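Close look at the chain arrangement
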Amino acid sequence: MAQHSDIQRNGPLSGIRVIDLTAVVSGPMSTMILADQGADVIKIERADGDFTRHVATRRGGHSASYLNNNRNKRSVVADLKNPEDISMIKALVRDADVFIQNFRPGVVDRLGLSYEVLSALNPRLVYMSISGFGFDGPLASKPVYDPLIQALSALTTVQAGSDEERPRLVRTILPDKLTAVQASQAVTAALFARERTGKGQKVTLSMLDTVVAFLWASDMNGHTFVGDEMEVEASQSFHDLIYEVKGGYLSISIMQNKHWEALAHATGRPDIIDDERFKTTELRDINRDARLDLTQEIVRDVDRDTLLTALEEAGVPCAPVLTRREMRQHPQLEANGMFVEYDHPTAGRLRQTRPAAVFHGTPAIDLRPAPELGEHTAEVRASLTSDPLADAS
């Protein structure tokens, strides 16, 4: 592990330096996860900054999107068409642990920042490349956004429930954020391998591959048995949907026989236990539409809070469907200590989530707001131990 005297932080990744050439969400969120765990993340930005600096929902000249994906980092402005600035990045890489980029395939090669070039400067470097569709193939060079990945991965069809329903987008940028989590995990795995071998390596990850692998765990059962694939897909989810009740909505998730029996007794419908369509887990899955319709019929006219209490007492897995404001105020999130507030020098008081994983063996880091554009350029340039121009060749 390289030790960097100019910045030491708490967290399990203290002492790890990350050179971050990513923008938008998938890359910046992944490097923020690393920064939240103690890594020194140096974010390289062009003169007008990361695209998300300019999107809506703003205060004090700052967008919430940028602030929520770039805390705990340092910002350095560089012109990637300027050989001197490319040499500066190479000088940073000599003493770094991780380099991560999410340009379209081929761009970093043209910039002179390929894996081959940078690993020659630093054989211990973990080099992570994130792409949209992949690094080869007919779509590799195409522009990509989250809805396109949702469409191509069949996530929109899974969200619809069956092939016969209108495809639907998941109303959050799940491919971007899921790729961010996968990328941060892959980086730490490569760092662990380096501790054993002494060598860095190249790691590649596409948003498309990430989502397809994610879906396979629960939504591709009909394509698992070779030679016995489904021609027309019905919903493969074992999770019940949202039920309309008096005064709101509930999610009720019936998995096991005991849950079905508990639902029957809690709602005063013991007769459904003997219904031949629902006697086993397999039958309840095969007859899922009938089961969901019956459950909706049973609970429709019951007061939400009354039903929630009865189901919880009976041991039925359930939860109220909350708005974003209600979620933020829920006592379980308060008990988890999930939300933190701190001051940004120009955007004012911020509310964000703490890092989801809590490390009980290392001190927690103090959260720093996302940096101003180029805030640390002079500081980082001054810290270089080698002459950037010496790397111009």
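Sequence order as written defines the numbering, with residues in each chain counted from 1. Given that this is a predicted model, residues contribute local features only at a pLDDT of at least 70 and side-chain atom pairs are listed and counted only at 80 or more, while totals for whole chains, interfaces and linings are drawn from all residues. Excluding hydrogens and water, the side-chain figures rest on all heavy atoms present in the structure.

**Structural notes on a nonpolar patch on the surface**
A contiguous nonpolar surface patch, about 260 Å² in accessible area, is contributed by Ile 242, Tyr 249 and Val 321. Counting from the N terminus, the helices are the DSSP runs of H or I reaching at least four residues and the strands are the DSSP runs of E reaching at least two. Within the secondary structure, Ile 242 sits in strand E9 (residues 242-245). Only residues whose relative accessible area exceeds 30% and that form no salt bridge are eligible for patches; like-charged ones are grouped when within 9 Å, while nonpolar side chains (Val, Leu, Ile, Met, Phe, Trp, Tyr) are grouped when within 5 Å. Note on areas: these come from Shrake-Rupley sampling with a 1.4 Å probe, and a residue is covered only by the protein chains present in the view. What counts as a salt bridge is simple: a side-chain nitrogen of Lys or Arg found within 4 Å of a carboxyl oxygen of Asp or Glu.

**What to know about the packing of helix H10 (residues 257-266) against helix H13 (residues 304-314)**
The interhelical angle for the contact between H10 and H13, taken along N-to-C directions, is 135°, at an axis separation of 9 Å. With respect to H13, the element H10 is oriented oblique. Here H10 and H13 pass one another in a crossing that is right-handed. Mapping the contact onto sequence places Ala 262, Leu 263 and Ala 266 in H10 and Ala 310, Leu 311 and Ala 314 in H13. Among the residues forming the contact of H10 with H13, the class breakdown is six nonpolar, no polar and no charged. Fitted lines through C-alpha atoms serve as axes, helices being fitted only where they are in contact, and the angles separating the N-to-C directions of these axes extend from 0 to 180 degrees. Any angle from 65 to 115 degrees is called roughly perpendicular, while one under 35 is roughly parallel, one over 145 is roughly antiparallel, and all others are oblique. Should the near helix be turned anticlockwise from the far one by less than a right angle, the crossing is termed left-handed; should it be turned clockwise, right-handed. Contacts are assigned to residue pairs with any non-hydrogen atoms lying within 4.5 Å of each other. Under this grouping Gly is polar, as are all residues other than the nonpolar Ala, Val, Leu, Ile, Met, Phe, Trp, Tyr, Cys and Pro and the charged Asp, Glu, Lys and Arg.

**Focus on the environment of His 330**
Topologically, His 330 is positioned in the loop between helix H14 (324-328) and helix H15 (331-336). When accessible area is computed with a 1.4 Å probe and restricted to protein chains, residues below 20% of their type maximum are described as buried, those above 50% as exposed, and intermediate ones as partly exposed. Classification of His 330 by relative accessible area gives partly exposed; the value is 27%.

**A few points about the environment of Ala 193**
Position of Ala 193 relative to the elements: it lies in helix H8 (residues 174-197). Through-space distance from the C-alpha of Ala 193 to that of Val 126 is 9.9 Å; in sequence the pair is 67 residues apart. Contacts of Ala 193, omitting those with residues within four sequence positions, involve Gly 198 and Gln 201.

**Here's the deal with unusual backbone geometry**
Positive phi, normally seen in glycine, also occurs at Val 24, with a value near 75°. Its place among the elements puts Val 24 in the loop between strand E1 (17-21) and helix H1 (26-36).

**Considerations on the sheet that holds E9**
Taking strand neighbours across the sheet as the criterion, the three strands line up as E9-E10-E11 in an open arrangement whose pairing is antiparallel. Across the chains shown, the open sheet's two edge strands, defined by having one partner strand only, are E9 and strand E11 (318-320). In this sheet, neighbouring strand axes are inclined to one another by 30° on average, regardless of whether the strands run parallel or antiparallel. Should DSSP find at least two bridges between two strands, the strands are taken to pair. Across three bridges, the pairing between strand E10 (residues 248-252) and E11 is antiparallel. Residue pairing for E11: Ile 252 is matched across the bridge by Cys 318. Where helix H12 (residues 288-299) meets the sheet, it contacts E9 and E10, and its direction lies at approximately 25° from that of E9.

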